[in-house]
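# Per-entry structural report
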Amino acid sequence: MTTRSTSAEFVTAFATGWPEHQPDIMVLSLTTHKGMQDFALSREQALLVAKTIKQTAARLVTPTKAR
């Protein structure tokens, strides 16, 4: 099992696209302060990621202001 860091990198930008000659995958590009990482996703993977993000986003609370 991979050891995971206890802190997360914040995504500063993202983009999606489809390679011209590979319409069966979606490319998700995530950018952090350390650089960009591309991920190739199948249709099923893309739908699962979208579902998970939507469910998680619905549970997010509004950040409190720092005092």
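Calculation notes
Residues numbered from 1 in each chain as written. Predicted model: local features only at pLDDT ≥ 70, side-chain atom pairs only at ≥ 80, totals over all residues. Heavy atoms only, no water. Helix = DSSP H or I, 4+ residues; strand = E, 2+ residues; numbered from the N terminus. Rg over C-alpha atoms; globule rule 2.2 N^0.38 Å. Buried < 20%, exposed > 50% of the residue type's maximum accessible area, 1.4 Å probe, protein only. Contact = heavy atoms within 4.5 Å. Areas by Shrake-Rupley, 256 points an atom, 1.4 Å probe, with all protein chains shown as cover. Lys, Arg positive; Asp, Glu negative; His and termini not counted. Charge placed at Lys NZ, Arg CZ, Asp CG, Glu CD. Polar contact = N/O pair within 3.5 Å; in protein donor to acceptor, adjacent residues only side chain to side chain. pLDDT = per-residue confidence, 0-100.

Counting its secondary structure elements, the protein contains one helix and three strands. The helix and strand sequence of the protein, counted from the amino end, reads β-β-β-α. Radius of gyration (C-alpha) of the protein: 15 Å, far over the 11 Å computed for a compact globule of 67 residues. With the C-alpha coordinates aligned to their principal axes, the bounding extent of the protein is approximately 50 × 30 × 25 Å. Here the protein, with 67 residues, has 10% of them falling under the buried criterion. For the protein, contacts bridging at least 24 residues in sequence account for 4% of all contacts bridging at least 6. If you sum the accessible surface of the protein, you get close to 6,600 Å²; carbon and sulfur atoms cover 60% of it. Across the protein, the 8 positively charged side chains and the 5 negatively charged ones have centroids separated by 21 Å.

Moving on: the side chain of Ser 29. When you line up the elements, Ser 29 lands in strand E2 (residues 26-32). Of the residues examined, Ser 29 reaches a relative accessible area of 14% and is grouped as buried. A polar atom in the side chain of Ser 29 sits 2.5 Å from the side chain of Asp 38. Leaving out residues up to four positions away in the same chain, Ser 29 has contacts with Ala 13, Phe 14, Ala 15, Met 36, Gln 37 and Asp 38.

Summary statistics for the protein give a mean pLDDT of 87 and a share of 91% for residues scoring 70 or more. Taken element by element, the protein is modelled with least confidence in strand E1 (residues 13-17), mean pLDDT 86, and with most confidence in helix H1 (residues 43-59), mean pLDDT 95.

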